[in-house]
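A closer look at the structure
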Amino acid sequence: MKILRKALIILLLSTSFLFADEVYLVQKGDTLFSISRKYQITVAELRAANNLKENDVLKAGQKLVIPTADIGTAAALSQTKTPDKVKQELAPVSEVYVVQKGDTFYSLARKNGMTVADLLALNKLDSNAVLKVGQKLKVSKVPVENGDKSGEVAIKPVQPKPAEEVKTTSPATDGKNEKTPDTRTYGVTTNADNSVSWPVKNPKITYINGKVSGVQCACLSNETVIAVREGTVMYVGLYRGFGQVLFVQSKTGLIYAYTGLGSVSVKKGDYVTFGSSVGTAGVDSIKGTPQITFMVFQNGKAIDPAKAPRG
């Protein structure tokens, strides 16, 4: 009986490690910005995963949870505010949860099979919100057994792979992407509708799902990429699995994501106008052909880029 009990404990412990997040040990001189760059995620994601305020200062020896990269969550957290009227795509039944010490948006989202974007939207909170002990939140009644949906998007649900084990690293990894097989699911490739503006001229359009959800726009080498909707640049930088990424938020709150860029000619805070240059096209790391991937998000959910407003 004792042997069986010990074996069960070992099994439970090993299983918990499979679904644990990576933990980073803060070094002297580290900032949220520098750490986000090392792991190729956004500062907002780091703050949400660790319940940090915008002006919190890191201390050497502090442990930070490094969340799984999820471009939908990154897009939602880059928004300046959550629209008052939010179209919910969650299960209609929800319950109230009282925040406990140590809770974060990231941990609560995972426990309830939600995304951080869903959790914020359901409670009409923006990316600068910080949890307080005793605070009441609405959470979706989606059972954890259904799987971690931290990578789910509207076009097709995506289930990211959990971290293999808890790691305390110092310093962090350099964030370089390893060469991986193409796990994307491709739709039919068609010529772009000439009545719709695209980031590049006359692209071949292919809908894709998987880790990336949106449309691939095949184009010329180093072709100029233009903004198809005016708005404010919310994020510029490398994002894990997506290369050079640019987020532009429209006045209505939609996030237009241009990914796989070869270069970017704008910076965070810039206001871009319709048709203005934002950079150049890059080369797909798997196919080796010049193209970009274009996505549009509404509250962290991917919508059909062809139907998103232009101008």
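Just so you know, these numbers come straight off a predicted model, no measurement behind them.

Remarks on the overall build of the protein
Each helix and strand in the protein was counted, giving 6 helices and 16 strands. Across the 311 residues in the protein, those meeting the buried criterion constitute 46%. The contacts of the protein with a sequence gap of at least 6 include a subset with a gap of at least 24, amounting to 67%. As presented, the protein carries roughly 16500 Å² of accessible surface, and 56% of it is formed by carbon and sulfur atoms.

Thoughts on the side chain of Gln79
Along the chain, the position of Gln79 falls in the loop between helix 4 (71-77) and strand 3 (94-98). Note on Gln79: relative accessible area 6%, which makes it buried. Excluding its chain neighbours within four sequence positions, the residues that come into contact with Gln79 are Ser127, Gln249, Gly253, Ile255 and Asn299.

Thoughts on the nonpolar core
Judged by nonpolar contacts, the single largest core of 26 residues is most densely connected at Cys217, Val225, Leu246, Tyr256, Tyr258 and Phe294. Every residue in contact with Leu246, bar those within four places of it in the chain, is listed here: Val233, Tyr235, Val236, Tyr256, Ala257, Tyr258, Leu261, Val266 and Val278.

Section: the pairing of strand 8 (residues 214-218)
Consecutive side chains of a regular strand alternate in pointing toward one face of the sheet and then the other. Among the 5 residues in strand 8, 4 count as buried, and that is most of the element. As judged from the 5 bridges shared by strand 7 (residues 204-209) and strand 8, these two strands associate in the antiparallel manner. Bridge pairing in strand 8 links Thr206 to Gln216. Examined bridge by bridge, strand 8 and strand 15 (residues 290-298) share 4 bridges and lie antiparallel to one another. Of the residues in strand 15, the one forming a bridge with Cys217 is Ile292.

Some thoughts on the pattern of salt bridges
All told, the structure shown has 4 salt bridges when counted by the stated rule. With its nearest N and O atoms 3.5 Å apart, the salt bridge here joins Lys301 to Asp118. Of this pair, Lys301 sits in strand 16 (residues 301-303) while Asp118 sits in helix 6 (residues 116-122), and the two are 183 residues apart along the sequence. The two residues Lys301 and Asp118 agree in class, both being buried.

Some words on the packing of aromatic side chains
Per the counting criterion, the structure on display carries 6 aromatic pairs. Ring plane angle 70° and centroid distance 6.0 Å describe the contact between Tyr24 and Tyr39, whose orientation is recorded as edge-to-face. In this pair, Tyr24 is assigned in strand 1 (residues 22-25) and Tyr39 in helix 2 (residues 32-39), connecting sequence segments 15 residues apart. These aromatic residues form a ring-pair network of at least three members: Trp198, Tyr256, Tyr258 and Phe294. The residue whose ring lies beneath Arg310 is Trp198, and the NZ or CZ to ring-centre distance is 4.9 Å.

Things to note about helix 2
Every buried residue of helix 2 is listed here: Leu32, Ile35, Ser36 and Tyr39. Mapping the buried residues of helix 2 onto a view down its axis gives an arc of 100°, with all of them on the same face. Following helix 2 by one or two positions, Gln40 has its phi on the positive side, about 55°.

Considerations on unusual backbone geometry
One can expect most non-glycine residues to show negative phi and most peptide bonds to be in trans. Of note in the backbone geometry, Asn51 takes a positive phi value of approximately 55° without being a glycine. By the element assignment, Asn51 lies in the loop between helix 3 (43-50) and strand 2 (63-66). In this structure Asn51 comes out as partly exposed when scored by relative accessible area, which is 22%. For Asn299, which is not glycine, the phi torsion reads 55° and is therefore positive. Mapped onto the elements, Asn299 comes out in the loop between strand 15 and strand 16.

Side note on the environment of Cys219
Topologically, Cys219 is positioned in the loop between strand 8 and strand 9 (224-226). For Cys219, a relative accessible area of 13% translates into the label buried. Along the sequence, Cys219 and Val283 sit 64 residues apart, while their C-alpha atoms lie 9.7 Å from each other. Residues in contact with Cys219, not counting those within four places in the same chain, are Val200, Ala281, Pro290 and Gln291.

What counts, and at which threshold
Residues numbered from 1 in each chain as written. Predicted model: local features only at pLDDT ≥ 70, side-chain atom pairs only at ≥ 80, totals over all residues. Heavy atoms only, no water. Helix = DSSP H or I, 4+ residues; strand = E, 2+ residues; numbered from the N terminus. Buried < 20%, exposed > 50% of the residue type's maximum accessible area, 1.4 Å probe, protein only. Contact = heavy atoms within 4.5 Å. Areas by Shrake-Rupley, 256 points an atom, 1.4 Å probe, with all protein chains shown as cover. Core = buried A, V, L, I, M, F, W, Y, C linked by side-chain atoms within 4.5 Å. Pairing = 2+ DSSP bridges. Salt bridge = Lys/Arg side-chain N within 4 Å of Asp/Glu carboxyl O. Phe/Tyr/Trp six-rings, centres within 6.5 Å; stacked < 30°, edge-to-face > 60°. Lys NZ or Arg CZ within 6 Å of the ring centre and 35° of its normal. Arc of directions from axis to C-beta.

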